[in-house]
Amino acid sequence: SSSSGDEALRDKRARILSRGLPKQKPIEGVKQVVVVASGKGGVGKSTTAVNIALALAANDSTKEVGLLDADIYGPSIPKMMNLKGNPELTPKNLMRPLKNYGIACMSMGFLIEETVPVVWRGLMVMSAVEKLLRQVDWGQLDYLVIDMPPGTGDVQLSVSQNIPIAGAVIVSTPQDVALLDAHKGAEMFRKVHVPVLGLVQNMSVFQCPRCKHETHIFGADGVRDLAKTLGLDILGDIPLHVNIRETCDSGQPVVISQPQSDAAKAYLKIAMEIVRRLPVTPA
């Protein structure tokens, strides 16, 4: 009959669709994954991801933290974390993360020469992301922070659909063009059912080191307005400060090298806010 034919067709469609979406599989040994993302490049996302990872460890010394650089084309974690060299392989042929400041790190930057560009099409990029997710021996981690590439493309979708993510943090400057892309980034995570923990307003204000006058170079409170529009929280404000840039460039991030500075305290507060919003995991 035609009704049984329709039913068979519906069943076949459902089977094809279910095959199309990968099943989420946790990363072995990792309790919770936090992704740090931005719709736009150049807003300080990697600097934020590095300092958040260090702040998570600094806030609670009993926690093990890892940092995964998912930016295949422009990996910056090796420089910021002062790490060089190729990962060793375990007997099971898994890569061992490189470690500094107590943080286990993995990046495409450990697998290619520093000045060699990655000129790959999408499929090769996806294959590299899969290797970084599945062929690394992280040991036992409480938190894995993933520094996502800018935008809302294949890598973001692949990571979101392949592994369970406890929450996403969106980084933006208060500038209008950055906010437009941050809005898209937040909506993308909602579409793939990843909880957005909140927004970080980066480069929020510049204070003159001589006269202490404050200037909102990228505009004031733009991220706060976006948070209201999206119904999200602001996790914290990071000032535009030369120390933040210099310390990351020299491989000594501000949370480690200047823990008493206002910038470090801002990252430590953001890390506390992130943990407060994460689901409670069994001990």
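Whatever comes next refers back to the structure up there.
Just so you know, the residues in each chain are numbered from 1, in the order the chain's sequence is written. Per-residue local features are limited, in this predicted model, to residues with pLDDT of at least 70; the limit for side-chain atom pairs, both in listing and counting, is 80 or more; totals at the level of whole chains, interfaces and linings are taken over all residues. Only hydrogens and water are removed before side-chain values are computed, so all heavy atoms of the structure are retained for them.

Visitor: Teacher, can you tell me more about the overall build of the chain here?
Guide: On a plain count of helices and strands, the chain comes out with ten helices and ten strands. Whether a residue is buried, partly exposed or exposed follows from its accessible area with a 1.4 Å probe, protein chains only, as a fraction of its type maximum: under 20%, in between, or over 50%, in that order. Here the chain holds 283 residues, and the buried ones make up 47% of them. Contacts in the chain between residues far apart in sequence, at least 24 positions, make up 76% of those at least 6 positions apart. Under the convention used here, a 1.4 Å probe and the Shrake-Rupley method define accessible areas, while residue burial counts only the protein chains that appear. Entry remark: accessible area of the chain is about 14700 Å², with carbon and sulfur atoms responsible for 53%. Comment: elements are numbered from the N terminus, with helices defined as DSSP H or I runs of at least four residues and strands as E runs of at least two. We call two residues in contact whenever any of their non-hydrogen atoms come within 4.5 Å of each other.

Visitor: Sorry if this is basic, but what is going on with the side chain of Thr90 here?
Guide: Inspection of the secondary structure puts Thr90 in the loop between α3 (77–80) and β3 (98–100). When neighbours within four sequence positions are excluded, Thr90 is seen to be in contact with Arg96 and Asp137.

Visitor: Is there a simple way to think about the environment of Leu98 in this case?
Guide: Inspection of the secondary structure assignment puts Leu98 in strand β3. Expressed as a C-alpha distance, the spacing of Leu98 and Gly85, which sit 13 residues apart in the sequence, is 8.2 Å. Those residues in contact with Leu98 that lie beyond four places of it in its chain are Leu83, Lys84, Gly85, Asn86, Pro87, Ile103, Ala104, Cys105 and Phe110.

Visitor: In this structure, what is going on with helix α10 (residues 262–277)? I would like to understand it.
Guide: At 3.6 residues per turn, the α-helix brings residues three or four places apart onto the same side. Between the first and last C-alpha of α10 there are 23 Å, a value that for 16 residues agrees with the 22 Å anticipated at 1.5 Å per step. The set of residues buried in α10 consists of Ala263, Ala264, Ala266, Tyr267, Leu268, Ile270, Ala271, Glu273 and Ile274. To estimate how far a helix should reach, multiply one less than its number of residues by 1.5 Å.

Visitor: Which parts of the structure should I look at to understand the side chain of Ser107?
Guide: Along the polypeptide, Ser107 turns up in strand β4 (residues 103–107). A relative accessible area of 0% places Ser107 in the buried class. Of note is the side chain of Ser107, whose polar atom sits 2.9 Å from the backbone nitrogen of Gly109. With near-sequence residues (within four places) excluded, Ser107 lies in contact with Asp69, Pro75, Pro78 and Leu132. Nitrogen and oxygen atoms within 3.5 Å of one another constitute a polar contact, given that in protein one can donate a hydrogen and the other can accept it, and given that sequence-neighbouring residues count only through two side-chain atoms.

Visitor: Would you mind showing me how to read the pairing of strand β1 (residues 30–37) here?
Guide: Consecutive side chains along a regular strand alternate between the two faces of the sheet. Counting buried positions along β1 gives seven out of eight residues, so the element sits mostly inside the fold. Pairing between two strands requires that DSSP report at least two bridges joining them. Across six bridges, β1 lies against strand β5 (residues 141–147) in parallel orientation. Bridge pairing links Val30 to Leu141 in β5.

Visitor: Which parts of the structure should I look at to understand the nonpolar core?
Guide: Most often, soluble globular proteins keep nonpolar side chains buried together rather than apart. What makes a nonpolar core is a set of buried Ala, Val, Leu, Ile, Met, Phe, Trp, Tyr and Cys residues whose side-chain atoms join them at distances within 4.5 Å. By size, the foremost hydrophobic cluster in this structure holds 82 residues, and its most contacted members are Trp138, Ile146 and Phe189. Sequence-distant contacts of Trp138, that is, excluding residues within four places in its chain, are made with Ile27, Val30, Gly66, Leu67, Leu68, Pro97, Ala104, Cys105, Met106, Leu132 and Leu144.

Visitor: What is the right way to look at the sheet that holds strand β7 (residues 196–201) in this model?
Guide: Picture the strands of a sheet paired through backbone hydrogen bonds; they go either parallel or antiparallel. Read from one edge to the other, the open sheet built from eight strands follows the order β3-β4-β2-β5-β1-β6-β7-β10, with strand pairing classed as mixed. Edge positions in the open sheet fall to β3 and β10 (234–237), since each of these has one partner strand only. Each neighbouring strand pair of the sheet contributes to a mean axis angle of 25°, computed without reference to strand direction. Pairing of strand β2 (residues 65–69) with β5 involves five bridges; the strand directions are parallel. Bridge pairing in β5 places Leu67 opposite Val145. For helices, the fitted line uses only the C-alpha atoms of the stretch in contact; every axis is such a line through C-alpha atoms, and the angle between N-to-C directions lies from 0 to 180 degrees. The strands that helix α2 (residues 45–59) touches are β1, β2, β4, β5, β6 (167–172) and β7; relative to β5, the one it contacts most, it runs at about 170°.

Visitor: Would you mind showing me how to read the pattern of salt bridges here?
Guide: Any two side chains of opposite charge can pair, given that their charged atoms come close. Salt bridge, as applied in this entry: a Lys or Arg side-chain nitrogen positioned within 4 Å of an Asp or Glu carboxyl oxygen. Using the criterion set out here, one finds seven salt bridges in the structure. Where Lys99 meets Glu64, a salt bridge forms, and the shortest distance between an N and an O atom there is 3.9 Å. Here Lys99, found in strand β3, pairs with Glu64, found in the loop between α2 and β2; they are 35 residues apart in sequence, far enough to count as distant. Classification of Lys99 by relative accessible area gives exposed; the value is 52%. Glu88 is the partner of Arg96 in a salt bridge, and the nearest nitrogen-oxygen pair spans 3.7 Å. Here Arg96 falls in the partly exposed class, since its relative accessible area comes to 36%. Given a relative accessible area of 54%, Glu88 falls into the exposed group. Ionic contacts of the salt-bridge type, sharing partners, join the residues Asp233, Glu273, Arg276 and Arg277 into one network.

Visitor: How do you make sense of unusual backbone geometry when you look at a structure like this?
Guide: Most peptide bonds are trans, and most residues other than glycine sit at a negative phi. Located in the positive-phi region is Asn93, a residue other than glycine, with phi close to 70°. Mapped onto the elements of the fold, Asn93 is located in the loop between α3 and β3. On the basis of relative accessibility, which here comes to 52%, the residue Asn93 falls in the exposed class. Of note, Tyr101 is a non-glycine position whose phi angle comes to about 55°, a positive value. Along the chain, Tyr101 falls in the loop between β3 and β4.

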